[in-house]
Structures are given as C-alpha cells and as structure tokens.
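Summary of the model geometry
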Amino acid sequence: MSAVGAKHPYIESLLRGYEMPRSGISWLNERRAQALERANALTVPTTRDEEWRFTDITPLTRVQFQPAAGAPRPAMADLSRFIVPEAAARLVFVDGAFAPALSVTAGLPQGVVVSPLAAALDAHAWEIEPHLARHAEYEREVFIALNTAHLRDGAFVRIARNRSHPAPVQIIHVSTRKEAAAYPRCLVIAEAGAECTLIEDYAGLGDAVYFNDAVTEIVAGEGACVRHVRLQRESGGAFHIATCAASLARNARYVSHTITLGARLSRFNLNVVQQGEGAEIEMDGLALISGRQLADTHSLMDHARPSGRCQQAHRCIVGGAAHAVFNGKIVVRPGAQLTDSAQQSRNLLLSDRARVDTKPQLEIFADDVKCAHGATVGQLDPEQVFYLRSRGLSTERARSLLTYAFAAELIDRIPVPSLVERLEETVLAQTQGNERA
Amino acid sequence: MIRADAKVLLEVKGLRARVSGVEILKGIDLKVAAGEVHAIMGRNGSGKSTFAKALAGHPAYEVSGGTARFEGRDVFDMAPEERARAGLFLGFQYPVEIPGVSNSAFLRLAYNTVQAARGREELDPLEFDDYAREKMKLLDMDPAFLDRSVNEGFSGGEKKRNEILQMALLEPRVAILDETDSGLDIDALRVVAHGVNRLATPGNAVVLVTHYQRMLGYIVPDYVHVMEGGRIVKTGGKALAEELEARGYDWVRAAA
C-alpha cells in the first residue's frame, strides 16, 4: 500500500516506500490499515496546537529519515554499559529490529513470557489481541498512528496471574544509524495479582541524528503491580517522540520512573488511565538536559474510577540554553470520588539562558476528592549553598552537589541498585560539567 | 582556661553588620585566645546570631564596619569556605536539611576538603567510615545517621549532634556554636556538652552563643559576655551567667 494522499509532506516522507507488513493475522492488518489512514489524515503538530505550544518539531521535519534496515549490528561489548546485571531477561532491538544474539530470554519461570512480539503473535494472540493498539490512541495522535502503521515487531512481556517476577526485565533500543527512523513498540501485560519490573532503555551509540517514534502499552490487571523504569539516553542529535499508555484495573499499582537525559528534541507522553477502583500510582520524572536540548514531558493521570491515589513528582535540571517542558494533567471523572492525587513540579535552572515551561492542568468533575499541585522554578537554595560552604566546600562544588542531590532524590527511588549507582555517576559527571560550563 | 601567654586566635574590633539594610551589630569587640571558652548571652534579637553568622560569612549579613582577624588573617577578606578551611567553624542554630545527599558523603567531602587545604591526608570511604563512627561514639550517635540524607528528618537534638560531629571531624581552631542547646532535652544536652568539652583543647577555643544559662552548667565558660542592642554591654566570669539566670537581662540593661 502506498501512502499517497498524506496531508503533510513530512508524514508523506516518513511513509515513503511504506509497505504494509504482511501477516496472516487479520485483526492486526486491520489496525495497521486504520492507523495508516489516521497517519495520513492527522496533521503534524505545530506550536499553534495547545499540546505542542512549547515544542517546535520543525527541526525534526527538516531531516529526511529512511526506514532503518540492514544496519550494522553492534557487538555485545558496545552494549555492556547499558546492561543491567539484575535483569533476568533482556530484549535488544537495534535500529528497531530485534537482535536475538544480544538478547536473553531463556530460563524464565513458568508464567513469565518475554519475547519479541512477532514471535509471540501466534502462541499468545488471544492475550495480545485485546490490548495491542487498544490503549495508545492512534486515532488521535499522529506519532502513535505512524508507529502503529509500521508495527511489525516489538517487545512482549506477560506475567501470568498471581505470578511475581521480581528480577527486572530489560528492553534496550539501541540506535546506530544516521537518519534512520525506527518505531519501537512494547506491550506489557501483568495479569491479576502479578508483579513485575520493566526497564525500558533508549540508547544511542555515537552521535547520529536519528528518529525514534516509540509506543509502549502497559496493562495491569486487578491487584497487579508494575514497576516501570524508563531511560531516555538517546544520542545528542536524536529525535525521540514517545507515548506510554498504562491501563490499570482495580487495586492495581503502577510505579514509574522516567529519566530523560538524551536527544536533541524529545517528547514523552505518559498517559495513565485508572480503569478500576482503588488503583495506586506513583510517577517520578527527571529531566537533566543542557546545551540546546529540548525535553518535553506531558503526563495525563486519568482517574476514571473512585478511590485512586496518585503521587507525581517531576523535576527538571536545565543547563546551557536547554528548554524543559512539563505539562501535568490530572482528570477526575464524574463519580471518581475519594480520589487523592498530588503533583509536584520542581525545576532548577543552572544558567540564565536555560528555560522551563511547567503547567499543571486539573480537570475535576467529582466533589469529594483531594487534588494538590505545586510548581517551583528556581535556582539553588542559598541557605543550602552557604551551609556547604561553611563546611569548606567551594561555591562550585556546593552547587554541583546540590544539583546532584536534587536529581539523586528521585534516582534513589528506582528499584534497581545498579541503575541507581550508574545514573548517579552520570548525573554527578553532568552536574559538575554544567558547573564548569 | 585563661592563660596569660595564650595565643590570640580571633580578635574582633568595632564590628558593625547589617541585614537587609538594617544595622544589627553596632560595634562589637571580642578577643578569643587559645584554650578559652566564651559565652555570648543575650535576649532574643540582641544580635547574638547575627554576630555568629557575620563571622562565618553568611551572604545575607553585610559587614559595614570594624575588623576581625583570625590567626592574623583578615576574616572579611576570606570566602566562607576559606574561613572554614582555616579553622573557623559555625555550629548552626538551624542546621539545613539537604535531601538527596547522604550524611556520610557530605561529611567525607567536607573532611577531605578541609584536610587537603591543611596539607593533610584524605581518607577513602572505608577509612572515613571507621573514623566517623569513632567520632560518633563521642556523641552517642547511631551510625545509621551516616546513611541518611544530611539532617533530613532529624529531630532537633539529632541535628545538633550532627553539628558537633562536624566540629569533631573538622577540628576547628575556633568553634562558634550558635544556640546549640536549643531544642535539646536534658539528656541530649548532657551528651552534646560532654562532646564539646572533649573537643576543647589548650590549642583551640569555643564561643557559645546562648540564651540560657543551662548549657553553661556543663561547659564552664571562662568569659561571659552579655549582648544588648548589637553591642557587648557587660563581660564577666561564669558567675555572671548565674546572676543573669537569677535576675534576668533587664538587670544588665539597668546597670549598663
């Protein structure tokens, strides 16, 4: 199928040479066809769209991206710095394609499936069909539509009912090719009472300009618990636009840690829908950017049912002439009584050219709820700086230590010790670098 | 201990200081020699804490007149960190919480920075841990405080112990302890005072800034100075503190 008729030349360029992935699975073919239709119909967002007010994607539309194919495969040694030793299973994708030689899926306990999506489609179709492309709304969002139209493989994680899989599952998307566009996809299903930890890692090798358009769907059944660590450490020239849609059943628990370090321009939408009563959500977000980076996080906490609890903490550390954007939307639907939702946005500006736009957005349609939000934008606390100086630390050292601490507070909550350690080293190196800059 | 031949460590003359443009200190004179313990007393608002913070170099306190020399060096010519490295220590009345920085990392960084400035050996994390635990015994502190964030969630008494722990680690020549007794219950007061006594040597000096006499029951001062309206209005021996406790500050004002 060709993509003739796309509204925007940019979308047209992304769909050039597009061939509908062939599969014998009719429901999947249908969803891809619908997504393609939407990709052709939807417009590319501009800063005139409220949802994209601060994020100008013009630089992205200036690069002619090709679908990634036939890329050179990195060796295991290139990946070693990304690998989390605690992980029991690992799926590695290189420029969007599954790399079996770099992945580990053997020896998992019964009830735990970690597999490339394409390979799972036959055996697990009945589990996948109700969820794949059912939570991330390709009907409304052009980048989700593009991803879904290109959907042929991805990561699939399923934890069976009442199974606990404490060791993390790591999914690494490595990008190596210049001007390649890839469409990473992930589906995680934690059945009722199941527990798992997912580490999603987007990493760039080298400094290539490439584009990742990623979609992740997470489904947590009744009483299930999903811990989700998301690392975005793309190369400095990369574009990264992604959506994670999480759907939570009754009393489910979703704990997310989103760390944004890389990419020239990144946009992450985290959409969490509380479909059942009493779900519990924790959302931590940290963006640490400098130079001319732009990092935009849009979160949506949709309390569609009563008695949900959500704690959200978003922090940005912005150096150089970088620009951070945070839009935190909380919706409390009619009837979602006894919702308790709190959002905090704290931002540190390390230079006078750094910029942050932060906006809470509360839409509350129930009366017996508790919703709190707060936002601060500022420099380091002078009392803390003085305290450290009074103990002999130079101003620069005091400032970098406090900047580090601001990030470390959120990093410390990541449930994977080796990641905590490595991320804190990264942050320390970067904060000290910022101080010198 | 007053010794006629003791070296003068800190000498303040005619010190004036302002906060937000308002003059708080209106000419302070103070001479502190090695081996001495001084107490600066006075009612709230008399300028005691301003004096302590101005000497430590808090940026909100603007020195508008007078001089201060610390071991011969001009204090106001030194950045706060230089004063700390040279051995001038301020124990904070309200120690600042620093979430995200472990107490052990902070203490080690401070210790090693000061050691390096003094041309002495730095310690690696394991060595420092042993060293810090040893010092913590002096203050009856649980080693678990090393793993917590700096002062975060500490009770008032725990924060004050942590201040004295820093004094123990950084080995200042002059320690100015700003209201270290406030917020301490009687047991904690005894422990903290005992720790300060153990740290006092013939080579260093302690300046206690306090509102009440009760700490002076444990740390016996050689000199007691009474501040009033940004000046030292009376100086005496330890008996002066007892007299203040019995008769109140109005009596000094009337006598001054």
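Definitions and limits used
- In every chain, residue numbers begin from 1 and rise along the written sequence.
- Just so you know, chain letters begin at A and ligand numbers begin at 1, following the order they were written in.
- It should be noted that, the model being predicted, local features are given only for residues of pLDDT at least 70 and side-chain atom pairs only at 80 or more, the latter also being counted only at that level, while totals for whole chains, interfaces and linings use all residues.
- Excluding hydrogens and water, the side-chain figures rest on all heavy atoms present in the structure.
- The contact definition used throughout considers only heavy atoms, calling two residues in contact when any of these lie within 4.5 Å.
- Buried area: the accessible surface (1.4 Å probe) lost by two parts on joining, summed over both.
- Salt bridges are counted wherever a side-chain nitrogen of Lys or Arg sits within 4 Å of a carboxyl oxygen of Asp or Glu.
- Two strands are said to pair when DSSP picks up at least two bridges between them.
- For helices the rule is a DSSP run of H or I covering at least 4 residues; for strands it is a run of E covering at least 2, with both sets numbered from the N terminus onward.
- Axis angles are defined between N-to-C directions and span 0 to 180 degrees, where every axis is a line fitted to C-alpha atoms and, for a helix, only to the segment in contact.
- For patches, a residue must show more than 30% relative accessible area and have no salt bridge; joins then use 9 Å for like charges and 5 Å for nonpolar side chains, namely Val, Leu, Ile, Met, Phe, Trp and Tyr.
- For the area figures, the Shrake-Rupley method with a 1.4 Å probe applies, and any residue is considered shielded solely by the protein chains shown.
- When charges are counted, neither His nor the chain ends are considered; positive counts come from Lys and Arg and negative counts from Asp and Glu.
- Think of each charge as sitting on NZ of Lys, CZ of Arg, CG of Asp or CD of Glu.
- Exposure classes here rest on a 1.4 Å probe applied to the protein chains alone. A residue is buried below 20% of its type maximum, exposed above 50%, and partly exposed in between.
- Expected span of a helix: the number of residues minus one, times 1.5 Å.
- Joining through side-chain atoms within 4.5 Å is the link that ties buried Ala, Val, Leu, Ile, Met, Phe, Trp, Tyr and Cys residues into a set, and such a set is a nonpolar core.
- As used throughout, domain bounds are those supplied by an automatic or database domain assignment.
- Classification of ring pairs uses Phe, Tyr and Trp, with its six-membered ring standing for Trp, and accepts pairs whose centres are within 6.5 Å; under 30 degrees between planes counts as stacked, over 60 as edge-to-face, and the remaining range as tilted.
- Put simply, a charge is over a ring when the Lys NZ or the Arg CZ is close to the ring centre, within 6 Å, and near the line of the ring normal, within 35 degrees.
- Any N or O atom pair separated by 3.5 Å or less is treated as a polar contact, with the protein-specific requirement of one donor-capable and one acceptor-capable atom, and with residues adjacent in sequence counted only for side-chain atom pairs.
- As a per-residue quantity, pLDDT reports the predictor's confidence and falls between 0 and 100.
- Rotating anticlockwise by less than a right angle from the far helix to the near helix defines a left-handed crossing, while the corresponding clockwise rotation defines a right-handed one.
- The classification used treats Ala, Val, Leu, Ile, Met, Phe, Trp, Tyr, Cys and Pro as nonpolar, Asp, Glu, Lys and Arg as charged, and all other residues, Gly among them, as polar.

**Side note on the interface of chain B and chain A**
With 31 residues of chain B at the contact, the number on the chain A side is 19 residues. Together chain B and chain A conceal approximately 2000 Å² of surface at their shared face, both sides included; 66% is due to carbon and sulfur atoms. Here chain B is connected to chain A by two salt bridges. A salt bridge links Arg 389 of chain A to Glu 81 of chain B; the nearest nitrogen and oxygen atoms lie 2.7 Å apart.

**Some words on the sheet that holds strand β3 (residues 37-41) of chain B**
Residues and elements named next belong to chain B. On the basis of which strands lie adjacent, the open sheet formed by six strands has the order β6-β9-β10-β3-β11-β12 and mixed pairing. Edge strands, defined here as strands with exactly one partner in the open sheet, are β6 (88-91) and β12 (231-236). Averaged over all neighbouring strand pairs, the angle between strand axes comes to 20 degrees, with direction disregarded. Across four bridges, the pairing between β3 and strand β11 (residues 223-228) is parallel.

**Regarding a negative patch on the surface**
Residue and element names in this part refer to chain B. A cluster of acidic side chains, namely Glu 121, Glu 122, Asp 124, Glu 127 and Asp 130, defines a negative patch on the protein surface. Secondary-structure assignment places Asp 130 in helix α4 (residues 125-138). On the accessibility criterion, Asp 130 (53% relative accessible area) is exposed.

**Here we look at helix α5 (residues 156-170) of chain B**
Residue and element names in this part refer to chain B. Between its terminal C-alpha atoms α5 stretches 21 Å, which fits the 21 Å expected from 15 residues at 1.5 Å a residue. Burial analysis of α5 places 13 of its 15 residues in the buried class, the great majority of the element. Downstream of α5 by one or two residues, Glu 171 has phi in the positive range, about 45 degrees.

**With respect to the nonpolar core**
The biggest cluster of nonpolar side chains holds 114 residues, and the ones touching the most others in it are Ile 411 and Ile 414 of chain A together with Phe 51, Val 174, Ile 176 and Leu 177 of chain B. Here this core gets ten residues from one element, more than from any other, and that element is helix α9 (residues 395-411) of chain A. Composition of this core by domain shows at least three residues from each of domain 1 (9-276) and domain 2 (381-437) of chain A. The residues touching Ile 176 of chain B, leaving out its near neighbours within four places in the chain, are Ala 52, Leu 55, Leu 88, Phe 89, Leu 90, Gly 91, Val 207 and Val 209 of chain B.

**Quick word on the domain arrangement of chain A**
Residue and element names in this part refer to chain A. Looking at chain A, the domain boundaries give domain 1 (9-276) and domain 2 (381-437). Summarising the inter-unit geometry, the C-alpha centres of domain 1 and domain 2 are found 31 Å apart. Contact between domain 1 and domain 2 buries roughly 990 Å² in total, counting both sides, with carbon and sulfur atoms accounting for 73%. It is Glu 86, His 257 and Leu 261 that lose the most area in domain 1 upon contact with domain 2, and together they represent 40% of the buried surface on that side.

**Examining the packing of aromatic side chains**
Within the structure shown, the criterion is met by eleven aromatic pairs over all chains. Between Tyr 387 of chain A and Phe 92 of chain B the ring centres are 4.8 Å apart and the planes differ by 80 degrees, which places this aromatic pair in the edge-to-face class. Pair noted here: Tyr 387 of chain A is in helix α8 (residues 382-389) and Phe 92 of chain B is in the loop between β6 and β7 (98-102), and the two residues belong to different chains. Here the two residues Tyr 387 of chain A and Phe 92 of chain B agree in accessibility, since each one is buried. Among the aromatic residues, those joined into a cluster by ring pairs are Trp 52, Phe 65, Phe 143, Phe 211 and Phe 239 of chain A. Over the face of the ring belonging to Trp 52 of chain A we find Arg 267 of chain A, whose NZ or CZ atom lies 4.0 Å from the ring centre. The positively charged end of Arg 315 of chain A is found above the aromatic ring belonging to Phe 406 of chain A, 4.7 Å away from the centroid.

**Points about the pattern of salt bridges**
Taken as a whole and judged by the stated rule, the model has 36 salt bridges over all chains. We note a salt bridge from Glu 62 of chain B to Arg 18 of chain B, for which the minimum N-O separation is 3.1 Å. Note that Glu 62 of chain B is positioned in strand β4 (residues 61-70) and Arg 18 of chain B in strand β1 (residues 8-19), a separation of 44 residues in sequence. Under the relative-accessibility criterion, Glu 62 of chain B is labelled partly exposed at 39%. Each of Arg 253, Glu 280, Glu 282 and Arg 309 of chain A takes part in salt bridges that share partners, so that together they form one network.

**Topic: the pairing of strand β12 (residues 239-248) of chain A**
Residues and elements named next belong to chain A. Most of β12 is tucked away: ten of the ten residues are buried. Here β12 shows two buried faces, one formed by Phe 239, Ile 241, Thr 243, Ala 245 and Ser 247 and the other by His 240, Ala 242, Cys 244, Ala 246 and Leu 248. Note: strand β10 (residues 211-220) against β12, ten bridges, orientation parallel. When the sheet's bridge partners are listed, Val 215 is paired in β12 with Thr 243.

**As for the environment of Asp 302 of chain A**
All names here are of chain A. Its location among the elements puts Asp 302 in strand β16 (residues 294-303). By relative accessible area, Asp 302 is classed as buried at 7%. Sequence separation between Asp 302 and Val 332 is 30 residues; the distance between their C-alpha atoms is 6.3 Å. The residues contacting Asp 302, other than those within four sequence positions of it, are Val 272, Val 273, Gln 274, Val 331 and Arg 333. For Asp 302, the side chain forms a polar contact with the side chain of Arg 333, separated by 2.8 Å.

**Topic: the environment of Thr 235 of chain B**
Residues and elements named next belong to chain B. Topologically, Thr 235 is positioned in strand β12. Linking Thr 235 and Val 224, residues eleven residues apart in sequence, is a C-alpha distance of 5.6 Å. Those residues in contact with Thr 235 that lie beyond four places of it in its chain are Tyr 223, Val 224, His 225 and Leu 240. Reaching out from Thr 235, the side chain makes a polar contact with the side chain of His 225 at a distance of 2.9 Å.

**Quick look at the confidence of the model for chain B**
Across chain B, pLDDT averages 94, with 99% of residues at or above 70. Complex prediction metrics read pTM 0.85 and ipTM 0.96.

**Let's talk about the packing of helix α3 (residues 103-117) of chain B against α5 of chain B**
Residues and elements named next belong to chain B. At their nearest, the axes of α3 and α5 sit 10 Å apart, and the two run at 30 degrees to each other. For the crossing formed where α3 meets α5, the hand is right-handed. Along its contact with α3, which presents Asn 103, Phe 106, Leu 107, Ala 110, Tyr 111 and Val 114, the element α5 presents Asn 162, Leu 165, Gln 166, Leu 169 and Leu 170. Of the residues in the contact of α3 with α5, the class split is eight nonpolar, three polar and no charged.

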